[in-house]
Amino acid sequence: MSPNRISPNSTSPNLGSPNVVSPGNTRPDIARLPVSHRVRRRGVRAVPIAFLAASLLAIQGFFPVARAAPGENSAPVRQRAMDAGFLRTAPAEEGARLERLVLVARHGIRSPTQDPLVLGRLTGRVWPRWPVGPGQLTPHGRDALRAMTEGLAEWYDLSCHGDDHPCLADPEPVIWADSADARTLESGAIMARGLGASRIVSHHAGEHDPVFTGMAPDGAIQKEKDRSDGRDEAHDVLLADRHERPEAVREGLSRLQALFAPQGCGAGQSPCFSAPLRSASDGRLDRRSGPALGASVSENLLLVYLQKLGTEGDSPAWLGRIDPSLLAAVLPVHTYLSDLTRRRGVRALRRGEGLAAVIGKFLTGEGVRLPDGSGPARRTRLLVLAGHDTTLDALAGYYGLSWNFVDQPDPTAPDTVLAFERWRLRDGRAVTRAVVFHQSLDALRQAAAPDMEHGGRLFLGEITRQVPRVDSGTGVKRPGAG
């Protein structure tokens with residue numbers, strides 16, 4: 001068996017990596033739980049607690065404190081996961097068998113969702129042309145996603161070379177793609193080919209899938225409530241940004257300002273990336289204000305770099321300044337805004353609950369209703385959900401997951417995959433473990449597979465409950481005991 005392939009009938013593989021699982025709760029009374037594999041000290045970078053404070057304050061009141069089980073050492077460790085009602089760290093166990101698996105993936109590398117002319121008006125710079133229309137998967141993006149998928153297929157032994165464990169690819173996997181955008185539908189098709197699946201399900205192209213959006217497609221009342229929640233949460237976001245903007249984000253905004261418009265904040269000129277967030281006329285967050293614009297622009301800089309635009313002789317000269325050091329400085333702005341707007345509040349919980357319900361039911365062998373009205377075959381062991389970075393954010397916020405990479409400045413970069421593994425222990429108990437897969441910045445740029453032995457796979461923790469309780473005040477299922 002290849003050293004890069006998991007044997008689902010053995011101890012979980014080496015989890016050491018130069019990556020960090022962020023502490024999920026900063027309260028002093030939390031008992032940290034041990035893990036059997038720890039992050040190697042070399043290359044480890046701590047995640048600033050202030051950077052995560054905004055989202056943590058929003059969720060920490062929903063979760064009970066997790067404490068060490070009898071016989072476990074409760075000393076702090078370098079690698080940590082959310083110590084909450086849904087997640088605890090857990091040691092690997094000899095003889096455990098991997099029975100079922102859900103992979104939740106962000107689509108591949110795409111072009112910016114805005115036309116280069118629009119980006120030019122917003123930033124004062126000439127942006128490069130792309131080989132595809134706005135928001136579309138690029139040929140390079142297809143190659144990079146194929147490489148990621150091949151790495152996953154090898155890691156989970158989907159060719160079924162081993163005879164001492166259940167074959168995850170038999171019956172064949174089911175791919176469920178978000179129908180809202182062509183890039184997720186195409187990404188689902190690419191993953192299907194790489195994982196040996198012929199069954200791809202989705203709603204009609206362009207139609208909103210309630211599992212991915214967290215909203216019933218015909219719910220006019222729900223849509224109005226969502227608008228109301230959006231206005232209320234925009235107000236909370238404005239306050240949080242005004243009082244809690246971390247230093248790393250300030251530095252990132254400063255770097256964007258220097259790159260695009262050094263004098264942009266003077267005399268009311270634009271863009272001014274350090275300006276406060278503000279609300280739009282409908283009461284929601286103005287996506288062209290301060291860090292909101294900075295988040296979008298920083299993500300577009302990443303896409304330009306991954307696509308290798310700017311290397312041609314006739315490219316705008318400023319593109320030559322996009323390098324890994326710049327991306328490491330500016331992408332915390334994107335992560336910060338995602339934390340504020342996608343991982344907190346009622347809408348974030350609502351978006352995550354549908355996804356979590358599908359994941360929980362599939363892993364425990366209950367019936368899952370697919371978009372075509374059918375369900376997976378009873379023995380199906382692998383389900384793939386092809387979505388967006390917002391999909392990963394929704395599940396991270398719902399379960400209290402947080403992670404950071406030192407070789408990739410965007411924790412939800414294209415191709416990032418969140419895995420939920422259902423293991424059967426020797427004593428008959430079943431546990432669900434959360435894992436994240438990613439490609440380094442260089443691997444994405446070169447369309448290479450993730451390096452599983454050096455950070456491409458990161459263990460996050462054990463999901464301890466799949467069924468949340470219902471908050472009678474909001475009707476939203478919130479994480480908690482019971």
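What counts, and where the lines are drawn
Residues numbered from 1 in each chain as written. Predicted model: local features only at pLDDT ≥ 70, side-chain atom pairs only at ≥ 80, totals over all residues. Heavy atoms only, no water. Helix = DSSP H or I, 4+ residues; strand = E, 2+ residues; numbered from the N terminus. Contact = heavy atoms within 4.5 Å. Areas by Shrake-Rupley, 256 points an atom, 1.4 Å probe, with all protein chains shown as cover. Axes fitted to C-alpha atoms, helices over the stretch in contact; angles between N-to-C directions. Parallel < 35°, antiparallel > 145°, perpendicular 65-115°, else oblique. Nonpolar A, V, L, I, M, F, W, Y, C, P; charged D, E, K, R; others polar. Salt bridge = Lys/Arg side-chain N within 4 Å of Asp/Glu carboxyl O. Buried < 20%, exposed > 50% of the residue type's maximum accessible area, 1.4 Å probe, protein only. Polar contact = N/O pair within 3.5 Å; in protein donor to acceptor, adjacent residues only side chain to side chain. Phe/Tyr/Trp six-rings, centres within 6.5 Å; stacked < 30°, edge-to-face > 60°. Lys NZ or Arg CZ within 6 Å of the ring centre and 35° of its normal. Expected span 1.5 Å × (residues − 1). Disulfide = S-S within 2.5 Å. Arc of directions from axis to C-beta. pLDDT = per-residue confidence, 0-100.

1. Considering the overall build of the protein chain
Secondary structure assignment for the protein chain yields 12 helices and 12 strands. Considering only contacts in the protein chain between residues 6 or more positions apart, those separated by 24 or more positions represent 76%. Entry remark: accessible area of the protein chain is about 19200 Å², with carbon and sulfur atoms responsible for 49%.

2. Some points on the packing of helix α10 (residues 345-363) against helix α11 (residues 389-399)
It is the contact of α10 with α11, at a shortest axis distance of 8 Å, that shows an interaxial angle of 90 degrees. One finds that α10 runs roughly perpendicular with respect to α11. Touching Leu-349, Arg-351, Gly-352, Glu-353, Leu-355, Ala-356 and Ile-359 of α10 are Thr-390, Thr-391, Ala-394, Leu-395, Tyr-398 and Tyr-399, all from α11. Here the residues of the contact of α10 with α11 sort into eight nonpolar, three polar and two charged.

3. Considerations on the pattern of salt bridges
Counted by the stated rule, this structure contains 15 salt bridges. For Asp-241, the salt bridge goes to Arg-245, with nearest N and O atoms at 2.7 Å. The exposure class of Arg-245 is buried, given its relative accessible area of 10%.

4. Some thoughts on the side chain of Arg-245
Tracing the chain through its elements places Arg-245 in the loop between α6 (220-244) and α7 (247-260). A distance of 2.7 Å separates the side chain of Arg-245 from the side chain of Asp-241, its partner in a polar contact. Every residue in contact with Arg-245, bar those within four places of it in the chain, is listed here: Ala-240, Arg-250, Leu-253, Ser-274, Ala-275, Pro-276, Leu-277, Pro-291 and Tyr-336.

5. What about the packing of aromatic side chains?
The geometry of two aromatic rings is summed up by the distance between their centres and the angle between their planes. Enumeration according to the criterion identifies seven aromatic pairs in this entry. Aromatic pair Trp-127 and Phe-260: ring centres 5.9 Å apart, planes at 10 degrees, arrangement stacked. On the criterion of sequence distance, the pair formed by Trp-127 in the loop between α2 (116-123) and α3 (139-155) and Phe-260 in helix α7 is long-range, its members being 133 residues apart. Each member of the pair, Trp-127 as well as Phe-260, is classed as buried. Their ring planes at 50 degrees and their centres at 6.0 Å tell us that Phe-260 and Phe-273 sit as a pair that is tilted. Within this pair, whereas Phe-260 is found in helix α7, its partner Phe-273 is found in the loop between α7 and α8 (290-307), the two being separated by 13 residues in sequence. By the burial criterion, Phe-260 is buried, and Phe-273 matches it. The ring of Trp-403 has Arg-343 lying over it, and the distance from NZ or CZ to the ring centre is 5.5 Å.

6. Thoughts on α3
For an α-helix the count is 3.6 residues per turn, leaving residues at separations of three or four pointing the same way. An ideal rise of 1.5 Å per residue puts 24 Å on 17 residues; α3 measures up with 25 Å between its terminal C-alpha atoms. Taken together, the buried positions of α3 are His-140, Gly-141, Ala-144, Leu-145, Ala-147, Met-148, Thr-149, Gly-151, Leu-152, Ala-153 and Trp-155. Positive backbone phi, at 55 degrees, marks Asp-157, one or two positions downstream of α3.

7. Quick look at the state of the cysteines
Taken as a whole, this structure holds two disulfides when the rule is applied. Disulfide pairing places Cys-160 opposite Cys-167 at an S-S distance of 1.6 Å. With relative accessibility at 25%, the residue Cys-160 sits in the partly exposed group. Sulfur-sulfur distance for the disulfide between Cys-265 and Cys-272 comes to 2.1 Å. Taking the sign of the S-S torsion, 100 degrees for the link of Cys-265 and Cys-272, the bridge is right-handed. According to the relative accessible area criterion, Cys-272 is partly exposed, its value standing at 21%. Within the protein chain, bonded cysteines paired by disulfides and numbered along the sequence follow the pattern 1-2, 3-4.

8. Things to note about α2
Looking at α2, one finds that the buried residues are Pro-116, Leu-119, Gly-120, Leu-122 and Thr-123. Looking straight down α2, one finds that the buried residues subtend no more than 165 degrees of arc, so they occupy a single side. Turned more than 90 degrees off the buried face of α2, the exposed positions are Leu-117 and Arg-121. Buried residues along α2 sit against α7 and α8. With a side-chain oxygen lying 2.8 Å from the backbone nitrogen of Leu-117, the N-terminal cap of α2 falls on Asp-115.

9. Re the confidence of the model for the protein chain
Averaged over every residue, the pLDDT of the protein chain is 78; the share at 70 or more is 73%. Note that residues 1-18 has pLDDT below 50 and, in this model, 65 contacts with residues that lie over four places away or in other chains. Residue range residues 216-225 is modelled with pLDDT below 50. Its contacts to residues more than four positions away, or to other chains, number 10 contacts.

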